[in-house]
Amino acid sequence: MLTHVAPEGVAPAQGYSHVVVGEGRLVVVSGQIALDEKGNLVGEGDPAAQARQVFENLKRCLEAGGATFADVAKLTFYVTDVAFLPAIRVARDAHVDVTRPPASTAVQVAALFRPDLLMEVEALAVLPW
């Protein structure tokens, strides 16, 4: 069970929730990148294609843990350029309830572990007891 809270005295969030409170079992999904099931890069140089693959991988990982995007309390985005965030938001919004989005953090990094990767996204989900 997740509860979304809008704290007093904090500017309204746009596209994310400031606070998500959960009670239950934690599902932690490692950062996902734009590799398909065979380990091939999807969308070289294309942030939208990479974002779609990342969210498909997140979906599969969540399902393996017994969760869905409805259970996600927090997403963390690591991008090599903040200009990729609009493409990530489009992919994210295809999977999450945009009226009750998860908490999130976006960080621009100098590089990921491979130079052809534009982003990595990790998720924390909470399942009911």
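These numbers were taken from a predicted model, which means no experiment stands behind them.

Colleague: Help me understand the sheet that holds strand β5 (residues 103-108) in this model?
Modeller: Two orientations exist for strands paired in a sheet by backbone hydrogen bonds: parallel and antiparallel. Strand order in the open sheet formed by four strands is β3-β6-β4-β5, and the pairing between neighbours is mixed. Because the sheet does not close on itself, it has two edges, and the strands there are β3 (25-32) and β5. Direction aside, neighbouring strands of the sheet carry axes that sit 10 degrees apart on average. In terms of strand pairing, β3 meets strand β6 (residues 119-127) through six bridges, oriented antiparallel.

Colleague: What is the right way to read a nonpolar patch on the surface from this model?
Modeller: Together, V5, V19 and V21 make up a nonpolar patch on the protein surface, roughly 190 Å² of accessible area in all. On the secondary structure map, V5 appears in strand β1 (residues 2-5). You can call V5 partly exposed: its relative accessible area is 36%.

Colleague: I tried to follow helix α1 (residues 47-64) on my own but got confused; where do I start?
Modeller: In an α-helix there are 3.6 residues to a turn, and that puts residues three or four apart on one side. Between the first and last C-alpha of α1 there are 26 Å, a value that for 18 residues agrees with the 26 Å anticipated at 1.5 Å per step. Taken together, the buried positions of α1 are P47, A49, Q50, A51, Q53, V54, F55, N57, L58 and L62. Here the buried face of α1 lies against β3, β4 (72-79), α2 (85-93) and β6. Among the residues of α1, the N-terminal cap falls to D46, whose side-chain oxygen and the backbone nitrogen of A48 are separated by 3.1 Å.

Each value, and the rule that gives it
- Residues numbered from 1 in each chain as written.
- Predicted model: local features only at pLDDT ≥ 70, side-chain atom pairs only at ≥ 80, totals over all residues.
- Heavy atoms only, no water.
- Pairing = 2+ DSSP bridges.
- Helix = DSSP H or I, 4+ residues; strand = E, 2+ residues; numbered from the N terminus.
- Axes fitted to C-alpha atoms, helices over the stretch in contact; angles between N-to-C directions.
- Patch = residues over 30% accessible without salt bridge, like charges linked within 9 Å, V, L, I, M, F, W, Y side chains within 5 Å.
- Areas by Shrake-Rupley, 256 points an atom, 1.4 Å probe, with all protein chains shown as cover.
- Salt bridge = Lys/Arg side-chain N within 4 Å of Asp/Glu carboxyl O.
- Buried < 20%, exposed > 50% of the residue type's maximum accessible area, 1.4 Å probe, protein only.
- Expected span 1.5 Å × (residues − 1).
- Contact = heavy atoms within 4.5 Å.
- Polar contact = N/O pair within 3.5 Å; in protein donor to acceptor, adjacent residues only side chain to side chain.

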